Each structure stands twice: as structure tokens, then as C-alpha cells.
Amino acid sequence: MEDIRLYNSTAERETYENMAALYAIVMSLEHLERAFARDSVSANEYTAECNKLLLQHKSVSQMIGDEDLKTFFSKYKLNCPAANRRLEVGIPSTIEHGNTTGSFSGNNAKYVAKTVQDFITIMDALSMDMRSVDKLHPLLTDLLQGINAAAFLPADFKWKTSFRDWLITLN
């Protein structure tokens, strides 16, 4: 019996390995989203793992190049709606929707101080002409986490959605 090779060159082999890594990330993210929805994973564990998978996705996607996410899903007939949504948004749902049971616990003054500190940090970064996504994304994530942790804010607080939309745009 003769071996069947998927590739004819090292570059083709690398492409297949990167596509396999992307497939593994998508499937892992789908299972993580479902586990979080069933409350099988804590919010802190979910956020850490989701951030890790999203960063891995960005790295592998850059290696693959032109491969569009929708093209990848349709080409390989992937039915992973939760992973697809999370990859489109680019941030964990605990940050997107808020996590009142996260690492923030205490009185309202603590939330206000943390949020103001994060807001001032972002304003300083922008005034110093920092325009890199790599610099602004973590700062905006911290600000949104602080706003989401503040349970005293109404659910429809207009700036919460504005900051979330900016965070999604940066992704």
C-alpha cells in the first residue's frame, strides 16, 4: 500500500498544519462556550481560556494569511455557531456582557476608583498618540471589565455599549 501525501512541499505542509491548528482552536472555543453556557466552567476560568484561544486564533490566522473565517467554516463544513460568534466579537462573553461575579467584589467606591483610573489611563494613552491596537485593546478591556463589575450601573448604561463596540472594532 502506498502512502498518500497531503502536501508536496514544506510550505504546503506548514499551511496544512496551520489549518489544523485553526480547526483545533475553533473546536476548543465551541466546547468552551458550551461548557460556560452550562455553567461547567467558572467565569474566571472561562475568561482566561477564552482570551488564550482568541490570541491563538489571531496568531494562526496571520500565519494562514488570506483564509477568511467564513470561508474556513463553509469550506470545512464547520457547524460551530458559538465559536463563530466569539471569533467575530473577539472578546469573551464575560467582558462583552459583564461579569458581576468576577474578580471584583467590594463596595461601590472601589469600582468607581478602578473605572476612573482605567479611563484616565486610556485618555493618557490617546493623548500620547498611542494608536496601536496592541496598546489600546488591553486598556479598553480593563475599562470595560471595571464598568461591567459596577453592579450599581443600569444594564442599559449607554457608555457600556459604546466601549464594548469600540473593543469589538479594535478586534
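Above: the structure in question.
Residues numbered from 1 in each chain as written. Predicted model: local features only at pLDDT ≥ 70, side-chain atom pairs only at ≥ 80, totals over all residues. Heavy atoms only, no water.

(A) Just the overall build of the protein chain, in detail. A tally of helices and strands in the protein chain yields 8 helices and 0 strands. Starting at the N terminus and walking to the C terminus, you meet the elements of the protein chain as α-α-α-α-α-α-α-α. Here the C-alpha coordinates of the protein chain stretch approximately 70 × 40 × 20 Å along the principal axes. Of the contacts formed within the protein chain by residues at least 6 apart in sequence, a portion of 68% connects residues at least 24 apart. Each charge class in the protein chain can be summarised by its mean position, and for the 18 positive and 22 negative side chains these summaries are 4 Å apart. (Helix = DSSP H or I, 4+ residues; strand = E, 2+ residues; numbered from the N terminus. Contact = heavy atoms within 4.5 Å. Lys, Arg positive; Asp, Glu negative; His and termini not counted. Charge placed at Lys NZ, Arg CZ, Asp CG, Glu CD.)

(B) The arrangement of the nonpolar core in detail. One finds Val26, Leu29 and Leu32 to be the most contacted residues of the largest nonpolar core, which totals 21 residues. For this core, the elements supplying multiple residues, two or more each, are α1 (10-37), α2 (43-64), α3 (69-75) and α4 (81-89). Take this core: its biggest share by element is 7 residues, from α1. Once residues lying within four places of it in the same chain are set aside, the contact partners of Leu32 are Val41, Tyr46, Glu49, Cys50 and Leu53. Ranked by size, the runner-up nonpolar core spans 10 residues in total, among them Ile91, Ile122, Leu143 and Ile147. (Core = buried A, V, L, I, M, F, W, Y, C linked by side-chain atoms within 4.5 Å. Buried < 20%, exposed > 50% of the residue type's maximum accessible area, 1.4 Å probe, protein only.)

(C) Region of interest: the environment of Ser59. Looking at the secondary structure, you find Ser59 in helix α2. Overall, the relative accessible area of 38% leaves Ser59 in the partly exposed class. Ser59 sits 37 residues away from Leu22 along the chain, and the two C-alpha atoms are 9.5 Å apart.

(D) Quick look at the environment of Glu12. Note that Glu12 resides in helix α1. Other than its neighbours up to four places away in sequence, Glu12 contacts Leu6 and Tyr7.

(E) Looking closely at the packing of helix α7 (residues 133-149) against helix α8 (residues 158-170). With their axes 10 Å apart at the nearest point, α7 and α8 run at an angle of 150 degrees to one another. As the angle between them shows, α7 and α8 are arranged roughly antiparallel. For the pair α7 and α8, the sense of crossing is left-handed. Along the contact surface, α7 presents Val133, Leu136, His137, Leu140, Thr141, Leu143, Leu144, Ile147 and Asn148, while α8 presents Lys160, Phe163, Arg164, Trp166, Leu167 and Leu170. (Axes fitted to C-alpha atoms, helices over the stretch in contact; angles between N-to-C directions. Parallel < 35°, antiparallel > 145°, perpendicular 65-115°, else oblique. Left-handed = near helix turned anticlockwise from the far one by under 90°.)

(F) Structural context of α8. Taking 1.5 Å per residue, 13 residues should reach 18 Å; α8 reaches 19 Å between its end C-alpha atoms and fits that length. Within α8, the full set of buried residues consists of Lys160, Phe163 and Leu167. Axial view of α8: buried residues confined to an arc of 70 degrees, hence all on one face. Looking at α8, the residues exposed on the side facing more than 90 degrees away from the buried face are Lys158, Trp166 and Thr169. (Expected span 1.5 Å × (residues − 1). Arc of directions from axis to C-beta.)

Just distances and angles here, no functional claims.
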